[in-house]
Amino acid sequence: MKSDFWYNQLTMKSRKFIKDKHRSVRGGKAQMLELSCSKCGEKFFHYQKDGAGPLLRLYLDRIHAPAKYVGMEKRAIKDLKVIDCKKCGRLIAMPAMYKLEKRKSLRLFEGALTKKRIRLNK
Ligand SMILES: [Zn+2]
């Protein structure tokens, strides 16, 4: 399951699920997803999805890998750039504040990412 790409990108954060109020209000369940460009397959994120429902946005504090995208929630929204696929040019996501929770997020362009559920223990 683990590819060289992720092996090189693992961070401490990527080894366990985050458990906090955001997870609780979504029912307490979480899964780890590998998100890739739906056009060319380029790998983008390891993402913790809390609760059920469609994936419309990514909360920055739930991105577990790769290292270059971890910790983005500490930056100002205006300093974050639109994310596109460096390989094929597809637009992936746009930084946005999720006002309901005052949480920084990436609003996904429709159908930009394909998701695959992954296990944490290798
Ligand atoms: Zn791509």
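You'll find the structure just up there.
Just so it is clear, the model here is predicted, and its values are computed rather than measured.

Caption draft 1: Main features of the overall build of the protein. When its secondary structure is counted, the protein shows 2 helices and 8 strands. Each helix and strand of the protein, placed in order from N terminus to C terminus, yields the pattern α-α-β-β-β-β-β-β-β-β. Here the protein, with 122 residues, has 20% of them falling under the buried criterion. In the protein, the proportion of contacts linking residues at least 24 apart, taken out of those at least 6 apart, comes to 54%.

Caption draft 2: Highlighting the sheet that holds strand β7 (residues 103-108). With respect to topology, 4 strands assemble into an open sheet ordered β3-β7-β6-β5, the strand pairing being antiparallel. Both outer strands of the open sheet, β3 (57-59) and β5 (83-84), are each paired with one neighbouring strand and no more. One ladder, built from 2 bridges, connects β5 with strand β6 (residues 91-98); its direction is antiparallel. Across the sheet, the residue bridging to Asp84 is Leu91, located in β6.

Caption draft 3: Structural context of the sheet that holds strand β2 (residues 43-50). With antiparallel pairing, 4 strands are arranged side by side in an open sheet as β4-β2-β1-β8. Each edge of the sheet is formed by a strand with only one pairing partner; in this case those strands are β4 (63-65) and β8 (113-118). Here the average twist between neighbouring strands, direction ignored, is 35°. In this structure, strand β1 (residues 30-37) lies alongside β8, joined through 6 bridges in antiparallel fashion. Paired with Glu34 across the strands is Lys116, a residue of β8.

Caption draft 4: The arrangement of unusual backbone geometry in detail. With an omega of 0°, the peptide bond between Ala65 and Pro66 qualifies as cis. Among the structural elements, Pro66 can be located in the loop between β4 and β5.

Caption draft 5: Quick peek at the nonpolar core. Leu35, Phe44, Phe45, Tyr47, Leu58, Ile63 and Ile92 are the most contacted members of the largest nonpolar core, which totals 16 residues. If we ignore the near neighbours within four places in the chain, the residues touching Phe44 are Leu35, Ser36, Cys37, Ile92 and Leu113.

Caption draft 6: Molecular detail of the environment of Phe109. Mapped onto the elements, Phe109 comes out in the loop between β7 and β8. For the pair formed by Phe109 and Leu91, sequence separation is 18 residues and the distance between their alpha carbons is 6.8 Å. For Phe109, the contacting residues outside a window of four places in its chain are Leu91, Ile92 and Ala93.

Caption draft 7: View of the pairing of β6. Between β5 and β6, which follow one another and run antiparallel, lie 6 residues, and Gly89 among them has a positive phi close to 90°. Sheet topology places β6 next to β7; 6 bridges connect them, and they run antiparallel. In the strand pairing of β7, Met94 is matched with Arg107. Between the antiparallel neighbours β6 and β7 lie 4 residues, among them Lys102 with a positive phi of about 50°.

Caption draft 8: Summary view of the environment of Arg107. You can see Arg107 is positioned in strand β7. If we skip the residues at most four places from it in the chain, Arg107 touches Arg57, Ala93, Met94 and Ala96.

Calculation rules
Residues numbered from 1 in each chain as written. Predicted model: local features only at pLDDT ≥ 70, side-chain atom pairs only at ≥ 80, totals over all residues. Helix = DSSP H or I, 4+ residues; strand = E, 2+ residues; numbered from the N terminus. Buried ≥ 20, exposed ≤ 12 C-beta atoms within 10 Å, placed from the backbone. Contact = placed C-beta atoms within 7 Å. Pairing = 2+ DSSP bridges. Axes fitted to C-alpha atoms, helices over the stretch in contact; angles between N-to-C directions. Core = buried A, V, L, I, M, F, W, Y, C linked by C-beta atoms within 7 Å.

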